[in-house]
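Single-letter residue listing:
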Amino acid sequence: MKKIHLLAVGGTIASLSPDPLSCTNYRTVLDGEAVLAVLGRDKLAGIAEVTAEDILRMDSASLTPAHWLTLAKRVSEVLEECDGVVITHGTDTMEETAYFLNLCVNSSKPVILTGSMRPASAVSSDAALNIYNAISGAASGKLDNCGVLISMNGLFIAARDARKIHPTRPDAFTPVEMGSIAQITDGTIELYYRPVRKHTAESAFDCRMIETLPEVRILYAYAGAPADWFDHCVEKKCAGIVIAGVGNGNLSSSWKDQVKKYAPQLAIVRCTRANGSVNRNGSQDDDALGTVCGGNLSAQKARILLMFALAKGLSSAEIQQVFEQY
Ligand code: ASP
């Protein structure tokens, strides 16, 4: 029987609401064992031997890179002794935690994050089935070597592709412009493909070697957005900036002036606030601006990749390569 370790981080899946008809007014009170009890251990008989541990009990909006690092180190440790890890987590920043782990946990064993959009106590809660699906996936042997995955609403989505696109519905997660890695129905998993970008076992980044990560901020573009945000980032001694640009990662003329001024002293990555891939030296001249092109990574994931690249002391050209490989 496969040994699966559940790490509880908090979120709606660990929450109860006073009114079963309220899906948004809840308190995060359940520990790992209580999260498992939402499903009932009996449902896992014959599927996996499951142990549970509390890491944090938080709303995921308050998680920081320091929490990610603590979690990643614990995941790396427990994977030495078990066949897979399931992490129960708030959904708001789940895609960030998943991508962080995808880059720095060097194991080919399954690491699957799940959560719920409705508290465990709500009518029609998605908590129990999401827990069942995540544990079944981790124990199946089919999802090894797929990188870190998010399991929500019957889908297994690669950490790199997953995006929360709705604030309340159970189908809030989607692999933007991509497909799901696998799907599960009544405990049966159908695997479709494996991610080709570098992750987990083949990643050059290793959480066990990292104690802190450099500060990287995101600047979100909109019509009339102030350009002095760049000065503020430099005053705060940020090591990097990710721009969520308009359209094809496009910049206003005042932002371009700031980017040209500061790119020699800190890394600046150009992403889009839309979906899809920004191309290098297309509508913006990255060579002249000194920017790295973020491809199809969302700004919040580009920030994480940039933090790892900067922690390794990579040059702008090397960071560009990293963005093409991960
Ligand atoms: N507020 C919750 C969180 O911790 C939302 C959720 O878990 O669905 O992210």
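Read on for a plain summary of the structure. Owing to the predicted nature of the structure, the values given are computational and were not obtained by experimental measurement.

## Some details on empty space enclosed by the protein
So, step 1. Under the defined criterion, the tally for this structure stands at two cavities of 30 Å³ or more.
So, step 2. For the largest cavity, the full set of lining residues is Arg160, Asp161, Ala162, Arg163, Val176, Glu177, Met178, Gly276, Asn296, Leu297, Ser298 and Lys301.
So, step 3. Looking at the lining of the largest cavity residue by residue, the classes come out as four nonpolar, three polar and five charged.
So, step 4. Lining the second largest cavity are Val9, Ile55, Leu56, Leu63, His67, Trp68, Leu71, His89 and Thr97.
So, step 5. By residue number, the principal contributor to the lining of the second largest cavity is helix α2 (residues 65–79), which donates three residues.
So, step 6. Of the residues that constitute the lining of the second largest cavity, the class distribution is six nonpolar, three polar and no charged.

## Remarks on a nonpolar patch on the surface
So, step 1. Where nonpolar side chains cluster on the molecular surface, the patch consists of Met178, Tyr192 and Tyr193 and spans about 280 Å² of accessible area.
So, step 2. Counting through the fold element by element, Tyr192 comes out in the loop between β12 (188–191) and β13 (216–220).
So, step 3. According to the relative accessible area criterion, Tyr192 is partly exposed, its value standing at 43%.

## A short note on the pattern of salt bridges
So, step 1. The full count for this structure, using the stated rule, is twelve salt bridges.
So, step 2. Between Arg270 and Asp286 there is a salt bridge; the shortest N-O distance is 2.8 Å. With Arg270 in strand β15 (residues 267–272) and Asp286 in helix α7 (residues 286–289), the pair connects residues that are 16 residues apart, well separated along the chain.
So, step 3. Judged by relative accessible area, Arg270 falls into the buried class, the value being 0%.
So, step 4. Three or more residues are tied together by salt bridges with common partners; here these are Glu53, Arg74 and Glu77.

## Brief notes about the site of the ligand
So, step 1. Neighbouring residues of the ligand: Gly11, Thr12, Tyr26, Asp59, Ser60, Gly90, Thr91, Asp92 and Ser116.
So, step 2. Between an oxygen atom of the ligand and a side-chain N or O atom of Thr12, the distance comes to 2.9 Å.
So, step 3. Within the complex, 94% of the 270 Å² of free accessible area of the ligand lies under protein.
So, step 4. Taken together, the residues of the shell around the ligand sort by class into one nonpolar, six polar and two charged.

## Section: α2
So, step 1. The end-to-end C-alpha distance of α2 is 21 Å, a good match for the 21 Å that 15 residues give at a rise of 1.5 Å each.
So, step 2. Three or more residues of α2 are buried, namely Trp68, Leu69, Leu71, Ala72, Val75, Ser76, Val78 and Leu79.
So, step 3. Close packing links the buried residues of α2 with β1 (3–10), β4 (49–58), β5 (84–88), α3 (94–104), β6 (111–114) and α8 (299–311).

## Here we look at the packing of aromatic side chains
So, step 1. Overall, the coordinates contain seven aromatic pairs when judged by the stated rule.
So, step 2. Relative to Tyr326, the ring of Phe205 lies with its centre 5.1 Å away and its plane at 45°, an arrangement referred to as tilted. Of this pair, Phe205 sits in the loop between β12 and β13 while Tyr326 sits in the segment after α9 (316–325), and the two are 121 residues apart along the sequence. Accessibility classification places Phe205 together with Tyr326 in one group, the buried group.
So, step 3. Of the aromatic side chains, those joined through ring pairs into one cluster are Trp68, Phe100, Phe205, Phe308 and Tyr326.

What counts and what doesn't
Residues numbered from 1 in each chain as written. Predicted model: local features only at pLDDT ≥ 70, side-chain atom pairs only at ≥ 80, totals over all residues. Heavy atoms only, no water. 1 Å grid on protein atoms, 1.4 Å probe; cavity = no way out; pocket = protein on both sides within 12 Å on 5 of 7 lines; lining within 4 Å. Points joined across faces, edges and corners; volume = space filled by probe spheres on them. Nonpolar A, V, L, I, M, F, W, Y, C, P; charged D, E, K, R; others polar. Helix = DSSP H or I, 4+ residues; strand = E, 2+ residues; numbered from the N terminus. Patch = residues over 30% accessible without salt bridge, like charges linked within 9 Å, V, L, I, M, F, W, Y side chains within 5 Å. Areas by Shrake-Rupley, 256 points an atom, 1.4 Å probe, with all protein chains shown as cover. Salt bridge = Lys/Arg side-chain N within 4 Å of Asp/Glu carboxyl O. Buried < 20%, exposed > 50% of the residue type's maximum accessible area, 1.4 Å probe, protein only. Near = heavy atom within 4 Å. Polar contact = N/O pair within 3.5 Å; in protein donor to acceptor, adjacent residues only side chain to side chain. Expected span 1.5 Å × (residues − 1). Contact = heavy atoms within 4.5 Å. Phe/Tyr/Trp six-rings, centres within 6.5 Å; stacked < 30°, edge-to-face > 60°.

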